[in-house]
Amino acid sequence: MKKLIATKNLSTEEWLRYRRLGIGGSDASTILGINPYNSILRLWEDKTGRYPVEEVENESMHFGHVMEPVIRKEFERRTGYRVRRSNFILQSTAYPFMLADVDGITRDGEGNLCVWEAKTASEYKRAVWEKGVPEEYIAQVQHYLAVTGYQKAYICAIVGGNSFYCHEIRRDEEYISELIEAEKVFWECVLTGIPPKPDGAAATSVYLGEKYEEGKKSEILLPGEAEQLVETYGELNESIRHLKIQKEEVTNRLKAMLGENEKGRTENHIVSWTTIVKRTTDVDKVKEHLGDAYEDCLKESRYRKFSVA
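Keep in mind the model is a prediction, meaning the values are calculated, not measured. (Residues numbered from 1 in each chain as written. Predicted model: local features only at pLDDT ≥ 70, side-chain atom pairs only at ≥ 80, totals over all residues. Heavy atoms only, no water.)

**A short note on the sheet that holds strand 1 (residues 2-6)**
Hydrogen bonds between backbone groups are what pair the strands of a sheet, and the pairing can be parallel or antiparallel.
Here's step 1: As summarised here, the arrangement of the 3 strands in space is 1-3-4, forming an open sheet in which the pairing is antiparallel. Two strands in the sheet have a free side with no partner beyond their single neighbour: strand 1 and strand 4 (99-100).
Here's step 2: Relative to strand 3 (residues 88-91), strand 1 is paired through 4 bridges, and the arrangement is antiparallel. Considered in strand 3, the bridge of Lys2 is made with Gln91. (Pairing = 2+ DSSP bridges. Helix = DSSP H or I, 4+ residues; strand = E, 2+ residues; numbered from the N terminus.)

**Describing a nonpolar patch on the surface**
Here's step 1: On the surface, Val230, Tyr233, Phe306 and Val308 cluster together into a nonpolar patch covering about 340 Å² of accessible area.
Here's step 2: Following the sequence through the fold, Tyr233 ends up in helix 9 (residues 225-258).
Here's step 3: For Tyr233, a relative accessible area of 31% gives the class partly exposed. (Patch = residues over 30% accessible without salt bridge, like charges linked within 9 Å, V, L, I, M, F, W, Y side chains within 5 Å. Areas by Shrake-Rupley, 256 points an atom, 1.4 Å probe, with all protein chains shown as cover. Salt bridge = Lys/Arg side-chain N within 4 Å of Asp/Glu carboxyl O. Buried < 20%, exposed > 50% of the residue type's maximum accessible area, 1.4 Å probe, protein only.)

**Observations regarding the packing of aromatic side chains**
Here's step 1: Per the stated rule, a full pass over the model turns up 7 aromatic pairs.
Here's step 2: Taking 6.0 Å as the distance between ring centres and 50° as the angle between the ring planes, the aromatic pair formed by Tyr81 and Tyr154 counts as tilted. Placement of the pair is Tyr81 in the loop between helix 4 (59-79) and strand 2 (83-84) and Tyr154 in strand 7 (residues 152-159), with a sequence separation of 73 residues.
Here's step 3: A relative accessible area of 23% places Tyr81 in the partly exposed class.
Here's step 4: Aromatic rings pair up to connect Phe75, Tyr81, Trp116 and Tyr154 into one cluster.
Here's step 5: The ring of Phe88 carries Lys3 above its face, with NZ or CZ at 4.5 Å from the centroid. (Phe/Tyr/Trp six-rings, centres within 6.5 Å; stacked < 30°, edge-to-face > 60°. Lys NZ or Arg CZ within 6 Å of the ring centre and 35° of its normal.)

**What about the side chain of Gln140?**
Here's step 1: Take Gln140: it is sitting in helix 6 (residues 135-148).
Here's step 2: Among the polar contacts made by the side chain of Gln140, one reaches the side chain of Lys119 at a distance of 2.9 Å.
Here's step 3: Setting aside chain neighbours within four positions, we find Gln140 in contact with Gly25, Ser26, Ala28, Glu117 and Lys119. (Polar contact = N/O pair within 3.5 Å; in protein donor to acceptor, adjacent residues only side chain to side chain. Contact = heavy atoms within 4.5 Å.)

**Quick notes on the packing of helix 3 (residues 40-47) against helix 8 (residues 202-211)**
What describes two packed helices is the angle between their axes and the distance between those same axes.
Here's step 1: At a closest axis distance of 8 Å, the pairing of helix 3 and helix 8 adopts a crossing angle of 65°. When the interaxial angle is binned, helix 3 and helix 8 end up roughly perpendicular. Contacts between helix 3 and helix 8 involve Ile40, Leu41, Arg42 and Glu45 from the former and Thr204, Tyr207, Leu208 and Lys211 from the latter.
Here's step 2: The class makeup of the residues in the contact of helix 3 with helix 8 is 4 nonpolar, 1 polar and 3 charged. (Axes fitted to C-alpha atoms, helices over the stretch in contact; angles between N-to-C directions. Parallel < 35°, antiparallel > 145°, perpendicular 65-115°, else oblique. Nonpolar A, V, L, I, M, F, W, Y, C, P; charged D, E, K, R; others polar.)

**Looking at the side chain of Gln142**
Here's step 1: One can find Gln142 in helix 6.
Here's step 2: A polar contact of 3.1 Å, which involves the side chain of Gln142, links it to the backbone nitrogen of Asp172.
Here's step 3: For Gln142, the residues in contact, after removing those within four places along its chain, are Ile169, Arg170, Arg171, Asp172, Tyr175, Ile176 and Leu179.

**A short note on the pattern of salt bridges**
Here's step 1: Tallied over the full model, the rule gives 18 salt bridges.
Here's step 2: A salt bridge links Glu68 to Arg85; the nearest nitrogen and oxygen atoms lie 2.8 Å apart. Of the two residues, Glu68 sits in helix 4 while Arg85 sits in the loop between strand 2 and strand 3, which places them 17 residues apart along the sequence.
Here's step 3: Under the relative-accessibility criterion, Arg85 is labelled partly exposed at 45%.

What follows is the structure, given as C-alpha cells:
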C-alpha cells in the first residue's frame, strides 16, 4: 500500500472527492449486495459524479464520530494495545482502485500491525454483536486487510450505549479474492460509465422504487434479455410456491405434535407456538361513528405494483 493523501487537515468536501477516486471499505458491502442501507446502483452514481459531492450525516453517524475516542480508550484499557490514528487515505499498489481510511492502527501481543475499527450500534443489534460481527462490517474489514496487507483486525462496538464488544477478525484470503473480483467488475462499470446490473439486495429495491416512483401510462418494448428474465422469474415463483407448501407441511406436523402446549424441546432446538393477542381497527365501526368525517382521516400512499403475465 501507499499513502494517497493526508486527512488531518482535509476538508469534508475534499475527503469526499478523494473517496470518489476508488472503492473504500464502507463500499465493499454495497458491492457484495449485503449493505442494508445502500444500493450498488446508488454507489455507481456516486462514484461517477452524477450528483454533487455532499456529506449527509445522520445522528447515528454523528454519534459514531463522537464515540470513537471513547471506544479507542476502552480498547486500550482492556487490551493494553495502543491505537494510533492513520490520518491518511491508503491506496493498494496492486489494485489502485482499492482505498482505505481506517479508524486506527494497533499492534497485537506479538507486535504485528493490525487494523482497528470502532462502531456504535443500537440496542436491537445486541444479539448480532454478541454472536460476532455484522456481515457488512466483515466486508469492510476484509477490504482494509486487502489494502494494508495486514493479517488481523480488531473491531470494537458500543451497543445500546452501555455494552462494549470487541471482536478479532483474521485475514481470509478466499473472501478477499472474491471481494477483489467483485470490486474489479464494479470499478470497470465506473470507468466505462455503464451501470452495474441490479442485484437482489433490498436496498436496490428501495432505490428503484424511489428513483422511478411515479409510473407513466406508457408501454415500451423491452430488450431481448428480458424474455429470459421473465422465464426465470416464472420458474423461481414456481419453486417458491413448492417450498412454501413443503414449509407449511413441516410447520403443521410440528403444530400437531405441540397440540395445546406453547413450547416443545428437541435435543438442539426449542419449538414455539405461542398465543398472540392483536388489536386491529374495525373499519366499519369507525365509519359508523365518524360518518362523512371518515374520509378526512384517510392517508394516501402510492407505490408501483410489479407483476409478470
